[in-house]
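Okay, here's what each chain looks like letter by letter:
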Amino acid sequence: MASAAETPNCLSSTGLTEDQKEFQKVAFDFAAKEMAPYMAEWDEKEIFPVETMRKAAQLGFGGIYVKPDVGGSGLSRLDTSIIFEALSTGCTSTTAYMSIHNMCVWMIDTFGNEEQRRRFCPSLCSMEKFASYCLTEPGSGSDAASLLTSAQRKGDTYVLNGSKAFISGGGDTDVYVVMCRTGGPGPKGISCLVLEKGMPGLSFGKKEKKVGWNSQPTRAVIFEDCVVPVDNRLGAEGQGFSIAMQGLNGGRINIASCSLGAAHASVLLAQEHLTVRKQFGEPLANNQYLQFGLAEMATRLLAARLMVRNAARALQEGRQDAAVLCSMAKLFATDECFGICNQALQMHGGYGYLKDYAVQQFVRDIRVHQILEGTNEVMRMIVARNLLQG
Amino acid sequence: MAALRVLVGVKRVIDFAVKVRVAPGGAAVQTQGVKHSLNPFCEIALEEAVRLREAGAAAEVVVATLGTKASQETLRTALAMGADRAVLAELAEGAAAGPREVAVALAALARRLQPQLVLLGKQAIDDDCNQTGQILAAILDWPQGTFASRVSLEPGAVQVQREVDGGLETLRLRLPAVLTADLRLNEPRYATLPNIMKAKKKPLEVVPAADLGVPAGPPRLRLLQLQEPPPRAGGEKVESVESLLGKLRHAGRI
């Protein structure tokens, strides 16, 4: 697959600094060599590629925007976006999980006290341990603040009861960042606790069977009188929802970046197919309709990429408009990139429907990006609220 | 041994995965806007040098290249992989160089830097010349160990296992020596994010090629013509081995 060979048409290096081009190069190389050859097998056999991710962590991909004093790489949100976009060309599902892992480590790094940072972050940055983000419940998806998992204070512990749904990595990961209710209803009653696999009362549901994202297991996480030390709480009681949302701002950029990578790879695959496949005595690439289609795909991809990178910069700078920009970028990029991947599949004709061809996996893997980390409907809610309040 | 310096010569080439096209005119290949990378055999040579330093057998790894300003990106990749400092022997934009010119530049650098070991890739994947290391050794009058698949340093000497037509040959060369790396010498590392950032602070010196004695004007080796291979013709299925042999004989293949 030609995805590591950067061609001018995809323009993913445009406007980057020398350093960023180097980061991107390592990520592209790693994706082409360590991920792309295995993405189909990981999908088919539902393999969680622990060793490959640990190799990636050795290069610094385990805690990309986490501070170096606890093992992170200390890079910017834009550097992170560039890296996830490139890695995603090798395997979107695995990269998406890595981005969730990175988000969790950042939350502990940013909102944890010194003792918590030192306890959790180093082994997470090296991916000796893996993390999961636990917000969604069977009864609360888009209405996240209505979550019900309760955490009752008992001495110097919290006792948790409830369950989380659709948790990426659930059951296979070691560290769980859990949003739970310590106070009254609504967002202000929510706190953030860090749990570890093996804690009594922490169990997992069955592994879900999914259309895509098959290189990461998805399970319910169940708390039955699960006892958690107060020392595992990140930040103050009642700060949990804010922590969760701040994590998601970055998470949205990361997921959008994964969509960009899948679209980039799909455009290259479509390009290759159009050059090679002949009908009516000519390569498909001589057909103006398809040429125009390819041009539109590349243009939409670039537009999406610029929105994502712009949002990354805003978040890095702590600008007031960052949250809205992240929502807009996530909405636009995930929708556009799904369209691009889907169009690339169409250009493959019947072959696009076969699992021997990678394009269908990119389509299946990024479909969920329009749903999680805040549905694209919720993204519209956030943008509308911002427009109408002003 | 502690003061041992290794000089690694590298080349910026078109990336192996690119579909190369002949440029109009037939005398060159299209390079405009095409992805370039560090030559894979040079990468192997560099990896070996960095491993020698990490093992304590060498003290410093200097990476050098003869090229235009664009070659700086290749040197930065080499620094990110672990070289300590870099030298660009700079050619003017549009100027070309062949193995002889590169060897002249590296020889001048070797006289300046006094390395005990010069490591190169066995050949570049663009021209496949497989000459630079050999010419360099001749200019310096140093022993050479080409197609190295294993390297181990000893006091004052280096033992090299070479991949040759008959199998494997092991030589012991007195230092200083020139070695060229073959595919199985090692598996190069990826640059890590922290190393890419550290590379920014490492020295990168730019020296005009003329200062190193590289003659101006066209290279010694002139490329006369390039053409793409003939398009693939259809194949043919036969029913028996006899029929196959007959067809091959008829086509003059056996």
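Residues numbered from 1 in each chain as written. Chains lettered and ligands numbered in written order. Predicted model: local features only at pLDDT ≥ 70, side-chain atom pairs only at ≥ 80, totals over all residues. Heavy atoms only, no water.

As annotated in an unreviewed UniProt entry, chain B is Electron transfer flavoprotein subunit beta from Taeniopygia guttata. Per UniProt, the comment on chain B under Subcellular location (unreviewed entry) is "Mitochondrion matrix". (UniProt positions renumbered as here; feature names shortened; annotations may be inferred.)

You'll find chain A entered in an unreviewed UniProt entry as Isobutyryl-CoA dehydrogenase, mitochondrial, with Taeniopygia guttata given as the organism. Under Function (unreviewed entry), UniProt gives the following word-for-word description of chain A: "Isobutyryl-CoA dehydrogenase which catalyzes the conversion of 2-methylpropanoyl-CoA to (2E)-2-methylpropenoyl-CoA in the valine catabolic pathway. To a lesser extent, also able to catalyze the oxidation of (2S)-2-methylbutanoyl-CoA."

J.: Got a minute to help me understand the sheet that holds strand β8 (residues 157-164) of chain B in this structure?
T.: Residues and elements named next belong to chain B. Spatially, the 9 strands line up as an open sheet ordered β9-β8-β7-β10-β6-β1-β4-β5-β11, and their pairing is mixed. The sheet is open, and its two edges are formed by β9 (167-174) and β11 (204-208), each paired on a single side. The sheet shows a mean angle of 30 degrees between the axes of neighbouring strands, direction not considered. Relative to strand β10 (residues 177-181), strand β7 (residues 144-154) runs parallel, the two being bridged by 3 bridges. Within the sheet, the bridge partner assigned to glutamine 144 lies in β10 and is valine 178. The sheet strands contacting helix α1 (residues 40-54) are β1 (5-9), β4 (60-67), β6 (117-121), β7 and β10, and the helix crosses β6 at an angle near 150 degrees. (Pairing = 2+ DSSP bridges. Helix = DSSP H or I, 4+ residues; strand = E, 2+ residues; numbered from the N terminus. Axes fitted to C-alpha atoms, helices over the stretch in contact; angles between N-to-C directions. Contact = heavy atoms within 4.5 Å.)

J.: Please explain the packing of aromatic side chains as it appears in this structure.
T.: Two descriptors summarise a pair of aromatic rings, namely the distance from one centre to the other and the angle between the planes of the rings. Residues and elements named next belong to chain A. In total, this model carries 10 aromatic pairs over all chains according to the counting rule given. Judged by centre distance (6.3 Å) and plane angle (80 degrees), the rings of phenylalanine 30 and phenylalanine 61 are edge-to-face. Taken together, the residues phenylalanine 30 in helix α1 (residues 18-35) and phenylalanine 61 in the loop between α3 (50-58) and α4 (77-88) connect sequence positions 31 residues apart. Considered together, phenylalanine 30 and phenylalanine 61 belong to a single accessibility category, that of buried residues. Aromatic side chains tyrosine 97 and phenylalanine 130 sit 6.2 Å apart centroid to centroid with 55 degrees between the ring planes, which places their arrangement in the tilted category. Taken together, the residues span a long stretch of sequence, with tyrosine 97 in helix α5 (residues 92-111) and phenylalanine 130 in the loop between α6 (114-125) and β1 (131-134) at a distance of 33 residues. Using a relative accessible area of 0% as the deciding quantity, one classes tyrosine 97 as buried. Cation over ring: arginine 77 sits above tryptophan 106, and NZ or CZ is 4.7 Å from the ring centre. Geometry around phenylalanine 338 places arginine 367 over its ring, the cationic atom sitting 5.5 Å from the centre. (Phe/Tyr/Trp six-rings, centres within 6.5 Å; stacked < 30°, edge-to-face > 60°. Buried < 20%, exposed > 50% of the residue type's maximum accessible area, 1.4 Å probe, protein only. Lys NZ or Arg CZ within 6 Å of the ring centre and 35° of its normal.)

J.: What should I look at first to understand the pairing of strand β3 (residues 157-168) of chain A in this one?
T.: Consecutive side chains of a regular strand alternate in pointing toward one face of the sheet and then the other. Residues and elements named next belong to chain A. In this structure, strand β2 (residues 150-154) lies alongside β3, joined through 5 bridges in antiparallel fashion. Bridge assignment links lysine 154 to a residue of β3, and that residue is threonine 157. Joining the antiparallel neighbours β2 and β3 is a turn of 2 residues, in which glycine 155 adopts a positive phi near 70 degrees. Of the strand pairs in this sheet, β3 and strand β7 (residues 218-229) are connected by 9 bridges, and their pairing is antiparallel. Looking at β7, one finds that lysine 164 is bridged to valine 221.

J.: So what exactly am I meant to see when it comes to the packing of α1 of chain A against α3 of chain A here?
T.: The angle between the axes and the distance between the axes are what describe a pair of packed helices. Residue and element names in this part refer to chain A. Taken N-terminus to C-terminus, the directions of α1 and α3 make an angle of 160 degrees; their axes are 12 Å apart at the nearest point. In this view, α1 runs roughly antiparallel relative to α3, as classed from their interaxial angle. Between α1 and α3 the crossing geometry is right-handed. For the pair α1 and α3, contact is made by Phe30, Glu34 and Met35 and by Thr52, Lys55 and Ala56, respectively. (Parallel < 35°, antiparallel > 145°, perpendicular 65-115°, else oblique. Left-handed = near helix turned anticlockwise from the far one by under 90°.)

J.: For this particular structure, what's the right way to read the domain arrangement of chain A?
T.: For an interface, size is often stated in terms of accessible area lost upon the parts coming together. Residues and elements named next belong to chain A. Examined at the domain level, chain A breaks down into domain 1 (18-129), domain 2 (132-237) and domain 3 (241-389). Spacing between the C-alpha centres of domain 1 and domain 2 amounts to 22 Å. Listed per partner, the contact involves 25 residues of domain 1 and 23 residues of domain 2. Around 2,000 Å² of area is buried between domain 1 and domain 2 when both sides are counted, 63% of it from carbon and sulfur atoms. Contact with domain 2 buries surface across domain 1, with Glu46, Phe48 and Phe120 losing the most and accounting together for 25% of the total. Salt-bridge contacts for lysine 129 lead to glutamate 196; the nearest nitrogen and oxygen are separated by 3.9 Å. (Domains from an automatic or database assignment. Buried area = accessible area lost by both parts, 1.4 Å probe. Salt bridge = Lys/Arg side-chain N within 4 Å of Asp/Glu carboxyl O.)

J.: I would appreciate a short explanation of the interface of chain B and chain A in the present structure.
T.: With 17 residues of chain B in contact, the opposing surface of chain A contributes 23 residues. Interface of chain B and chain A: buried area, both sides summed, is about 1,800 Å²; carbon and sulfur atoms make up 61% of it. Linking chain B with chain A are 4 salt bridges. Between lysine 33 of chain A and glutamate 187 of chain B there is a salt bridge, with its nearest N and O atoms 2.9 Å apart. Counting across the chain B and chain A interface gives 7 residue pairs in polar contact (both at pLDDT 80 or more). (Polar contact = N/O pair within 3.5 Å; in protein donor to acceptor, adjacent residues only side chain to side chain.)

J.: Help me out: how do you make sense of the packing of helix α9 (residues 322-347) of chain A against helix α10 (residues 359-367) of chain A in this one?
T.: All names here are of chain A. At a minimum axis distance of 9 Å, the contact between α9 and α10 shows a crossing angle of 155 degrees. Accordingly, the angle class assigned to the pair α9 and α10 is roughly antiparallel. The handedness of the crossing between α9 and α10 is left-handed. Residues Cys337, Phe338, Cys341, Asn342, Ala344 and Leu345 of α9 lie in contact with α10, whose contacting residues are Val359, Gln360, Phe362, Val363, Ile366 and Arg367. The residue makeup of the contact of α9 with α10, split by class, is 9 nonpolar, 2 polar and 1 charged. (Nonpolar A, V, L, I, M, F, W, Y, C, P; charged D, E, K, R; others polar.)

J.: Would you explain the UniProt feature "domain: Electron transfer flavoprotein alpha/beta-subunit N-terminal" (unreviewed entry) in chain B in this entry?
T.: In the numbering used here, UniProt assigns the "domain: Electron transfer flavoprotein alpha/beta-subunit N-terminal" (unreviewed entry) feature to residues 26-216 of chain B. Split by type, residues 26-216 of chain B is 29% helix and 31% strand. Its first and last C-alpha atoms lie 24 Å apart.

J.: Explanation requested: the UniProt feature "domain: Acyl-CoA dehydrogenase/oxidase C-terminal" (unreviewed entry) in chain A in the structure shown.
T.: According to UniProt, the feature "domain: Acyl-CoA dehydrogenase/oxidase C-terminal" (unreviewed entry) maps to residues 238-388 of chain A in the numbering used here. The annotated region residues 238-388 of chain A carries 75% helix and 3% strand content, and the separation between its end C-alpha atoms amounts to 27 Å.

J.: Looking at this structure, how should I read the UniProt feature "domain: Acyl-CoA oxidase/dehydrogenase middle" (unreviewed entry) in chain A?
T.: UniProt's entry tags residues 133-226 of chain A with the feature "domain: Acyl-CoA oxidase/dehydrogenase middle" (unreviewed entry), counted in the numbering of this structure. The span residues 133-226 of chain A is 0% helical and 48% strand by assignment, and the distance between its end C-alpha atoms comes to 17 Å.

J.: Help me understand the nonpolar core, please; the structure alone is not making it clear to me.
T.: Generally speaking, soluble globular proteins have nonpolar side chains that are buried together. Formed by 145 residues in total, the largest nonpolar core has its most connected members in Phe61 and Tyr133 of chain A together with Val158 of chain B. Here this core takes 16 residues from helix α7 (residues 240-276) of chain A, the largest share from any one element. Not counting residues within four places of it along the chain, the set of residues in contact with phenylalanine 61 of chain A comprises Val26, Ala27, Ala56, Ile83, Leu87, Met98 and Asn102 of chain A together with Leu193 of chain B. Counting 27 residues, the second largest nonpolar core, distinct from the first, contains Leu91, Ala110, Trp142 and Val207 of chain B. (Core = buried A, V, L, I, M, F, W, Y, C linked by side-chain atoms within 4.5 Å.)

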